[in-house]
Amino acid sequence: DGGITQSPKYLFRKEGQNVTLSCEQNLNHDAMYWYRQDPGQGLRLIYYSQIVNDFQKGDIAEGYSVSREKKESFPLTVTSAQKNPTAFYLCASSEGYSTEAFFGQGTRLTVV
Amino acid sequence: AQSVTQLDSQVPVFEEAPVELRCNYSSSVSVYLFWYVQYPNQGLQLLLKYLSGSTLVKGINGFEAEFNKSQTSFHLRKPSVHISDTAEYFCAVTRDTGGFKTIFGAGTRLFVKA
């Protein structure tokens, strides 16, 4: 079945550590996105990529980094510079801007 | 700037009653509109979308929405809800900014009571 796979489902990070969240899609979509979800705030865009080897900052990119070396993969690194990383992270992909986004099941990151 | 406002953060409703979840947007250009549903600890899935054409859009699970350009609204409706409709619902807007982005509303929590 085609879809988006995020891993891990739950992730715990110690203060000062970098962690990487995985996102893989087999939908052959050009565009991929990372969102952060906090209670009562909806989804906020961290980074997005419209094509391999290119990506753009979203509204809350500080403290995060991404890469897009392959069409099917768009990993997100939460760096130690992100002061409040505890949140639910969602990866999505779409064919283009006028089509709907397909979402992964999310990764819940907790700082311990 | 583009924005999306979901007017109710929570909507409690009894089973088999009708429901309307309200969404207003602001944009100076044409937009595409979406409603997504999110069940606990899961990703979002598409309920319905408006790209062009008929302003009344039908989606999955018996939901429908009406695009009203003059009022810049895209309210979601269902004539009779079920317990299984309990979830969070997000309205979203997309336009081509020369680097496209989708803007999501803050979400409306629908709670269906027996």
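Everything below is about the structure printed above this text.
Residues numbered from 1 in each chain as written. Chains lettered and ligands numbered in written order. Predicted model: local features only at pLDDT ≥ 70, side-chain atom pairs only at ≥ 80, totals over all residues. Heavy atoms only, no water.

Asker: Account for the overall build of chain A, naming residues and giving values.
Answerer: Helix and strand counts for chain A stand at zero helices and 11 strands. Along chain A, helices (α) and strands (β) appear in the sequence β-β-β-β-β-β-β-β-β-β-β when read from the amino end. Against the compact-globule benchmark of 13 Å for 112 residues, chain A has a radius of gyration of 13 Å, which places it among compact chains. A principal-axis box enclosing the C-alpha atoms of chain A has dimensions of 35 × 25 × 25 Å. Pairs at least 24 apart in sequence give 52% of the contacts found in chain A among residues at least 6 apart. For chain A, the exposed surface amounts to about 5,400 Å²; the carbon and sulfur share of it is 46%. (Helix = DSSP H or I, 4+ residues; strand = E, 2+ residues; numbered from the N terminus. Rg over C-alpha atoms; globule rule 2.2 N^0.38 Å. Contact = heavy atoms within 4.5 Å. Areas by Shrake-Rupley, 256 points an atom, 1.4 Å probe, with all protein chains shown as cover.)

Asker: Describe the packing of aromatic side chains, listing the residues and the values that go with them.
Answerer: Across all of its chains, the model carries 12 aromatic pairs over all chains by this definition. Relative to F67 of chain B, the ring of Y50 of chain B lies with its centre 4.4 Å away and its plane at 25°, an arrangement referred to as stacked. Pair noted here: Y50 of chain B is in strand β6 (residues 44–50) and F67 of chain B is in strand β8 (residues 64–68), with a separation of 17 residues, a long-range link. Looking at Y50 of chain B, the relative accessible area reads 9%, which means it is buried. In this structure an aromatic cluster arises from ring pairing among Y33, Y35 and F103 of chain A together with F34, Y36 and F104 of chain B. (Phe/Tyr/Trp six-rings, centres within 6.5 Å; stacked < 30°, edge-to-face > 60°. Buried < 20%, exposed > 50% of the residue type's maximum accessible area, 1.4 Å probe, protein only.)

Asker: I'd like a rundown of the layout of surface pockets, residues and numbers included.
Answerer: Put simply, the largest pocket is a space of about 310 Å³. Lining the largest pocket are 20 residues, and of these Q37, P39 and R108 of chain A together with Q38 and E88 of chain B sit closest to its centre. Elements supplying a minimum of two residues to the lining of the largest pocket: β9 (87–94) and β11 (107–111) of chain A together with β10 (87–95) of chain B. (1 Å grid on protein atoms, 1.4 Å probe; cavity = no way out; pocket = protein on both sides within 12 Å on 5 of 7 lines; lining within 4 Å. Points joined across faces, edges and corners; volume = space filled by probe spheres on them.)

Asker: With reference to specific residues and values, describe the side chain of S94 of chain A.
Answerer: Residues and elements named next belong to chain A. Within the fold, S94 resides in strand β9. Judged by its relative accessible area of 1%, S94 falls in the buried class. A polar side-chain atom of S94 sits 2.7 Å from a polar atom in the side chain of Y33. Those residues within four positions of S94 in sequence are excluded, and the remaining contacts are H29, D30, A31, Y33, T99, E100 and A101. (Polar contact = N/O pair within 3.5 Å; in protein donor to acceptor, adjacent residues only side chain to side chain.)

Asker: Can you break down the state of the cysteines residue by residue, with the values?
Answerer: Linking two cysteines covalently through their sulfur atoms gives a disulfide. Residues and elements named next belong to chain A. Scanning the model with the defined rule gives two disulfides over all chains in all. C23 shares a disulfide with C91; S-S distance 1.9 Å. With the S-S dihedral at roughly -75°, the linkage between C23 and C91 falls on the left-handed side. Residue C23 is located in strand β3 (residues 19–25), and its partner C91 is located in strand β9; the two are separated by 68 residues in the primary sequence. With relative accessibility at 0%, the residue C23 sits in the buried group. With a relative accessible area of 0%, C91 lands in the buried category. (Disulfide = S-S within 2.5 Å.)

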